[in-house]
Amino acid sequence: MAERETWATRVGFILAAIGSAVGLGNIWRFPFQTSANGGAAFLVVYLLAVLLIGIPVLLAEFVIGRRANTSAIGAFRKLGRPGWWFVGAVGVIAAFWTLSYYSVIGGWVIRYIGGSITGGALAAPESYFGAISVGLPSVGTHAIFMLITIGIVALGIEDGIELATKVMVPAVVVMLVGLAAFAATLPGASEGYAFFLNPNLDTIIANAGTVLPAAFGQAFFSLSVGFSVMITYASYLGKNDSLPVDGVTIGISNTIIGVLAGLVVLPLLFAQGVEPGSGGPGAVFVAIPTALAELPGGGLVGQAVGVVFFGVILIAALSSAISLLEVVVAYLVDNYGFSRLPTAAGIGAAIFLLGIPSAWETAWLDWFDGIGVTLLLPITVLFVVLFVGWVLGQDAIDELTDGSGIGSLAPIWLWGIRTFILAVVVIVVAINLWDLLATPDTGYYIVPGPLR
Ligand code: PHE
């Protein structure tokens, strides 16, 4: 068993899982996706996607993981369905793929800690972002972020992770609430709230073809489902843990943090006169330093808040990144008996190489993100849903019920997985495949933008 131990055993599952879920997806990805996809229309579909699909699918991954008690690919064999190993494999590939560009953004966060100390990031936010987000500077910080991630996974610094996550989650909330309060005082903020919080049904219907896949992709990404991560983490759970309580706790706290980030970034973008949707992946990195520079008390206050803010985001990013690397490493360690340190180093180096195009040019980052979130994720989720709904069936109900006392809710959950959740996921996958194959101008076209 010793080889199977990781921080998910010792740190406690909930902390590890929240650490995985809360990350750049909430603070970086959610605000710019919301801004690019119509604001409140996106928010509504996103919330529905989390509640009706995301959390039930999270529970499905918990069921697979805990029942199999082994990491993602082996899990299907352990459950007596070796033919389904590819589901875990696509998830592991998704994790590998995603970390390659996630680390690039993590690198930017490191850079912004430095830029807050020197004041450079606050003095001219737009040109600062332009300079550090591409080319060699970006490759350099990507390397640093990957090295830290590899170090943590290779050495398994559980105590550090436990403490960091315990501090990170409340710190993220406090920072976001404080910044949201400040943003509310700025002229123009009210337009941001109207855009973010005032949904218009006609807009949702008219744009369903783009809003739907974007919102579902964001929901899966943010909950860390479809990456085999939650399967792997849940494999360390005991029978006495309540899966529904854990799943709902993770789902709701994660969503609150995303929405809080929206309440900071969207009013800031409007107050700063940025057109909705034009911020792209740089939205947060430009909006926040611009606001920091305007904080009452002068430059030093803004710089100090900036160091703390980006420091906290770095912890959030690392606790997600280690879960992505951990899935790949756990798979190799569990299945081939490789030792942890060289495996983490070798896989980490390969991920670093795969991330170089994203570090070099943001168009590549967009493309990698698009393929991951619109292709790999929904496809893994589709297979997880099929597997739990139609292969595990009654066993899934038993597993979900163990330790939870939710009784009659479990059959309703399974019924949902089998019918309407399956149907929605099929629709999302179909729209995504259509977009990917047929419309070169969406940016997620199968031929990478930079090569077109
Ligand atoms: N959920 C993380 C975030 O929102 C990203 C992530 C996805 C981490 C999948 C692990 C697995 O930042």
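Numbering of residues begins from 1 in every chain and follows the order in which that chain's sequence is written. Local features in this predicted model are restricted to residues of pLDDT 70 or higher, and side-chain atom pairs are both shown and tallied only at a pLDDT of 80 or more, whereas totals for entire chains, interfaces and linings draw on every residue. Excluding hydrogens and water, the side-chain values take into account all heavy atoms of the structure.

Outline the overall build of the chain, supporting the account with residue identities and numerical values.
Runs of H or I in DSSP of at least four residues are treated as helices and runs of E of at least two as strands, each being numbered from the N terminus. Helix and strand counts for the chain stand at 21 helices and zero strands. Taking 22 Å as the expected radius of gyration for a compact globule of 452 residues, we find that the chain reaches 21 Å, a close match to that expectation. Seen through its principal axes, the chain has C-alpha atoms that stretch 60 × 50 × 45 Å. Burial classes: relative accessible area under 20% of the type maximum marks a residue as buried, over 50% as exposed, and values in between as partly exposed (1.4 Å probe, protein chains only). Evaluated residue by residue, the chain yields a buried proportion of 59% over its 452 residues. Pairs of residues are marked as contacts when any of their non-hydrogen atoms sit within 4.5 Å. Pairs at least 24 apart in sequence give 83% of the contacts found in the chain among residues at least 6 apart. Summed over its atoms, the accessible surface of the chain is roughly 16000 Å², and 71% of this surface lies on carbon and sulfur atoms. Taken together, the 14 basic and 24 acidic charged side chains of the chain have centroids lying 11 Å from each other. Within these notes, the globule rule equals 2.2 Å times the number of residues to the 0.38 power, and the radius of gyration is based on C-alpha atoms. Computed with a 1.4 Å probe, the accessible areas rest on the Shrake-Rupley method; for each residue, only the protein chains presented here act as cover. The charge count treats Lys and Arg as positive and Asp and Glu as negative. His and the chain ends do not count. The atom standing in for a charge is NZ when the residue is Lys, CZ when it is Arg, CG when it is Asp and CD when it is Glu.

Can you explain the site of the ligand? Please cite residues and give values.
We call a residue near a given molecule or strand whenever any one of its heavy atoms falls within 4 Å of it. Taken together, 15 residues lie near the ligand, and A21, G25, Y102, F221 and S224 sit nearest. Within the side chain of Y102, an N or O atom sits 2.5 Å from an oxygen atom of the ligand. Each polar contact in these results corresponds to two N or O atoms within 3.5 Å; when the atoms are within protein, one needs to be able to donate a hydrogen and the other to accept it, and residues that are neighboring in sequence are counted only if both atoms are side-chain atoms. Between the ligand and S224, the relevant distance is 3.0 Å, taken from a nitrogen atom to a side-chain nitrogen or oxygen of the residue. For the ligand, whose free accessible area comes to 320 Å², the fraction covered by protein is 100%. Buriedness for pockets is judged along seven lines, at least five of which must meet protein on both sides within 12 Å for an open set on the 1 Å grid over protein atoms alone, while cavities are sets there where a 1.4 Å probe fits but cannot get out, and lining residues have an atom within 4 Å of a point. A molecule is said to be in a cavity or pocket once over half of its atoms fall within 2 Å of that pocket's grid points. Judged by its atoms lying within 2 Å of the grid points, the ligand is housed in the largest cavity. Residue assignment for the shell around the ligand shows that the elements contributing at least two residues are α2 (13–21), α3 (24–36), α13 (208–223) and α17 (299–336). For the shell around the ligand, a count of residues per class yields seven nonpolar, eight polar and no charged. Amino acid classes used here: Ala, Val, Leu, Ile, Met, Phe, Trp, Tyr, Cys and Pro are nonpolar; Asp, Glu, Lys and Arg are charged; the rest, including Gly, are polar.

Describe the packing of aromatic side chains, with residues and values.
How two aromatic rings sit relative to each other is given by the distance of their centres and the angle of their planes. In summary, the pairing rule links any two rings of Phe, Tyr or Trp, Trp by its six-membered ring, whose centres are within 6.5 Å, and it sorts them by plane angle into stacked for under 30 degrees, edge-to-face for over 60 and tilted for everything else. Applying the stated criterion across every chain yields a total of 29 aromatic pairs. On the basis of an interplanar angle of 85° and a centroid distance of 5.2 Å, the ring pair of Y112 and Y128 is categorised as edge-to-face. In this pair, Y112 is assigned in helix α6 (residues 85–118) and Y128 in helix α8 (residues 125–132), connecting sequence segments 16 residues apart. Across the pair, Y128 and Y112 agree in class, each one buried. Here W367 and F368 contribute two aromatic rings whose centre-to-centre distance is 5.3 Å and whose plane-to-plane angle is 90°, an arrangement assigned as edge-to-face. The same class applies to W367 and to F368, which are both buried. Consider the ring centre and the ring normal. A charge sits over the ring if Lys NZ or Arg CZ is within 6 Å of that centre and within 35 degrees of that normal. One cation-aromatic arrangement involves R418 over W390; the distance from NZ or CZ to the ring centre is 4.6 Å.

Go over the nonpolar core with me, naming the residues and quoting the values.
A general tendency of soluble globular proteins is for nonpolar side chains to be buried together. Counting residues in hydrophobic clusters, the biggest one holds 164 residues, and the most contacted among them are I288 and W413. For this core, the leading source of residues is α17, giving 18 residues. In plain words, nonpolar cores are sets of buried Ala, Val, Leu, Ile, Met, Phe, Trp, Tyr and Cys residues tied together by side-chain atoms within 4.5 Å.

Any chance you could break down a nonpolar patch on the surface for me, citing the residues and the numbers?
For patch building, the residue pool is restricted to those with more than 30% relative accessible area and no salt bridge; the joining distance is 9 Å between like charges and 5 Å between nonpolar side chains (Val, Leu, Ile, Met, Phe, Trp, Tyr). Just to be clear on terms, a salt bridge is a Lys or Arg side-chain nitrogen sitting within 4 Å of an Asp or Glu carboxyl oxygen. Nonpolar side chains collect at one region of the surface, where L48, L51, L52 and F420 lie side by side and expose about 370 Å² of accessible area between them. Following the sequence through the fold, L48 ends up in helix α4 (residues 40–68).

Please set out the side chain of S116 residue by residue, giving values where relevant.
Looking at the element boundaries, S116 is found in helix α6. Dropping the residues within four chain positions of it, S116 is found in contact with A121, L122, Q303, G306, V307 and F310.

Give me the pattern of salt bridges: which residues, what numbers.
Inspection of every chain in the model, using the stated rule, returns six salt bridges. Put simply, R67 and D395 hold a salt bridge, and the shortest N to O gap is 4.0 Å. With R67 in helix α4 and D395 in helix α20 (residues 394–401), this pair connects stretches of sequence that are 328 residues apart. Overall, the relative accessible area of 30% leaves R67 in the partly exposed class. Looking at D395, the relative accessible area reads 33%, which means it is partly exposed. Between E399 and R67 there is a salt bridge, and its shortest N-O distance comes to 2.6 Å. Taken together, the residues E399 in helix α20 and R67 in helix α4 connect sequence positions 332 residues apart. A relative accessible area of 0% means that E399 is categorised as buried.

Describe empty space enclosed by the protein, naming the residues involved and giving the relevant values.
Grid points are joined across faces, edges and corners, and a volume is the space filled by probe spheres set on the points. This structure, assessed with the given rule, holds two cavities of 30 Å³ or more. In this model, the largest cavity occupies a volume close to 120 Å³. Looking at which element gives the most residues to the lining of the largest cavity, the answer is α17, with three residues. Class assignment of the residues belonging to the lining of the largest cavity gives a composition of six nonpolar, nine polar and no charged. By volume, the second largest cavity is sized at about 40 Å³. Around the second largest cavity, the lining residues are L24, I27, W28, V109, V284, F285, F309, F310 and I313. Every element with two or more residues in the lining of the second largest cavity is listed here: α3, α16 (283–293) and α17. By residue class, the composition of the lining of the second largest cavity is nine nonpolar, no polar and no charged.

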